[in-house]
Amino acid sequence: MHAVVCIKQVPDTTDVKIDRKTNTLIREGVPSIVNPFDIHAIEEALRLKDRFGGRVTVISMGPSQARESLKKAISYGVDEAILISDRAFAGADTLATSYVLAQTIRAIGDKEPVDLVLCGKQAIDGDTAQVGPGIATRLGISQLTYVVKIRSIDLEKKEIVVERQLEGGREALRAELPALLTVVKELNTPRYQSLPSMIRAARYDPPVWDKDSFDRDPSLLGLKGSPTKVSKVYVPPPREKGGIIAGDPEDPEKTVAELVDKLLECKIIG
Ligand SMILES: Cc1cc2nc3c(=O)[nH]c(=O)nc-3n(C[C@H](O)[C@H](O)[C@H](O)COP(=O)(O)OP(=O)(O)OC[C@H]3O[C@@H](n4cnc5c(N)ncnc54)[C@H](O)[C@@H]3O)c2cc1C
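- As annotated in an unreviewed UniProt entry, the protein chain carries the name Electron transfer flavoprotein small subunit and comes from Candidatus Hakubella thermalkaliphila.
- Heading Cofactor (unreviewed entry) of the UniProt record for the protein chain holds this comment: "AMP".
- Under Sequence similarities (unreviewed entry), UniProt gives the following word-for-word description of the protein chain: "Belongs to the ETF beta-subunit/FixA family."

Dropping the structure here:
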C-alpha cells in the first residue's frame, strides 16, 4: 500500500488578529501549523500502513518555511516528505495548485505506484475545499470527499468502501483504487508522535522538487495557470451590538412575550 498525503502549511487562524485601522490581517508573529484536517489524513495513511505495510509519502507545495510542516509529518512516522517549491508556482489558485500536486503525484507514482491519495476536507486559510477534487479530476481517479470512515480496502480487487459525512447522515460508497479521499476530523484521533520519529524529524531535511522535477506545461503553473485573481481582500465589518431584553424577574411571562415579539419582528420565527 502506497499512500500519498497532501498537506498544507497554514497560519494558526485562531490566533489571527485584525488591524482595524488598515482592515488587514495581522500576520506577523502568527505561528504556522499543519492544516488540522491534514493531520487526520496523515493519521489514516499511517493506520493503513500499520495494517497493510507499504509506504506513506507526504507532499506540500509552498515556500521554504513549509519544511517545518513536512518535518512535523515525519515526526508522526511518515516515510518521506517532499517540499514542492519554485517561484513559478507563486500566486497559484486552486486550479494551478491541483495541477502541480497532480503532476507531482504522477511522478511519484512512476517510481512506486500510488494506491491512495489523501487530502484534508479543506484548508482553514483558503477554505475552498477544491484542491482535493481538483487533483482527483486531473489524475482521472475516483474522488471520495468528506470521508468519515474507511469500511474496507481490498488491495487484490483494488477496491475501497468508505462512509461519507453528509448533512443529514452518512453515505457508503465503493470505488476503484487508486482513489483520492478528502477527510473530516471525525475520521480518527491522531496518534502521539513517538520519540524516535521526533528525533528523525529534527534531523530530516525534506527533498525539494522544483518545476523541473516533473512533467509540466508552464502555462498551467502559478499565476499564469490561475483563471481566478483575488482583486480585493477586506475584513468583514464588526458585528453590531445585540439588544438586551431587560426582563422582569417578577413577571417572566411578560419577558418571554417580549422575546417572542422581537423574534417575530426579526423574522427568526414566524
Ligand atoms: C483571499 C485569498 C488570497 C490568496 N492569494 C494568494 C496569492 O496571492 N498567492 C498564492 O500563492 N496563493 C494565494 N492564495 C492561496 C491559494 O489560492 C489557495 O490557498 C490554494 O490554491 C489552496 O486552496 P485552499 O487553501 O482553498 O485549499 P483547499 O482546497 O481548501 O484544501 C484542501 C486540501 O488540499 C490539500 N492542499 C491544499 N493546498 C495544498 C498545498 N499547497 N500543498 C499540498 N496540499 C494542499 C490539503 O490536503 C488540504 O486539506 C489565496 C487564497 C485566498 C483565499
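**Some remarks on the side chain of Ser60**
So, point 1. Residue placement: Ser60 occurs in strand E6 (residues 55–61).
So, point 2. Among the polar contacts listed, one links the side chain of Ser60 to the backbone oxygen of Ile7, at a separation of 2.8 Å.
So, point 3. Apart from the residues within four sequence positions on either side, Ser60 is in contact with Ile7, Lys8, Gln9, Ala66, Leu70, Ile82, Leu83 and Ile84.

**Re the site of the ligand**
So, point 1. The environment of the ligand is formed by 26 residues, the closest being Cys6, Lys8, Asp38, Ala123 and Thr128.
So, point 2. One of the backbone nitrogen or oxygen atoms of Ala92 is found 3.3 Å away from an oxygen atom of the ligand.
So, point 3. Asp127 has a polar backbone atom sitting 3.5 Å from an oxygen atom of the ligand.
So, point 4. If the ligand stood free it would expose 950 Å²; the protein chains cover 75% of that surface.
So, point 5. Of all elements in the fold, only E6, helix H3 (94–111) and strand E8 (116–120) reach the threshold of two or more residues within the shell around the ligand.
So, point 6. Tallied by class, the residues present in the shell around the ligand amount to eleven nonpolar, ten polar and five charged.

**Considerations on a nonpolar patch on the surface**
So, point 1. Residues Val256, Val260, Leu264, Ile268 and Ile269 make up a contiguous nonpolar surface patch of about 420 Å² in total accessible area.
So, point 2. The topology assignment puts Val256 in helix H6 (residues 252–265).

Cut-offs used in this document
- Residues numbered from 1 in each chain as written.
- Predicted model: local features only at pLDDT ≥ 70, side-chain atom pairs only at ≥ 80, totals over all residues.
- Heavy atoms only, no water.
- UniProt positions renumbered as here; feature names shortened; annotations may be inferred.
- Helix = DSSP H or I, 4+ residues; strand = E, 2+ residues; numbered from the N terminus.
- Polar contact = N/O pair within 3.5 Å; in protein donor to acceptor, adjacent residues only side chain to side chain.
- Contact = heavy atoms within 4.5 Å.
- Near = heavy atom within 4 Å.
- Areas by Shrake-Rupley, 256 points an atom, 1.4 Å probe, with all protein chains shown as cover.
- Nonpolar A, V, L, I, M, F, W, Y, C, P; charged D, E, K, R; others polar.
- Patch = residues over 30% accessible without salt bridge, like charges linked within 9 Å, V, L, I, M, F, W, Y side chains within 5 Å.
- Salt bridge = Lys/Arg side-chain N within 4 Å of Asp/Glu carboxyl O.

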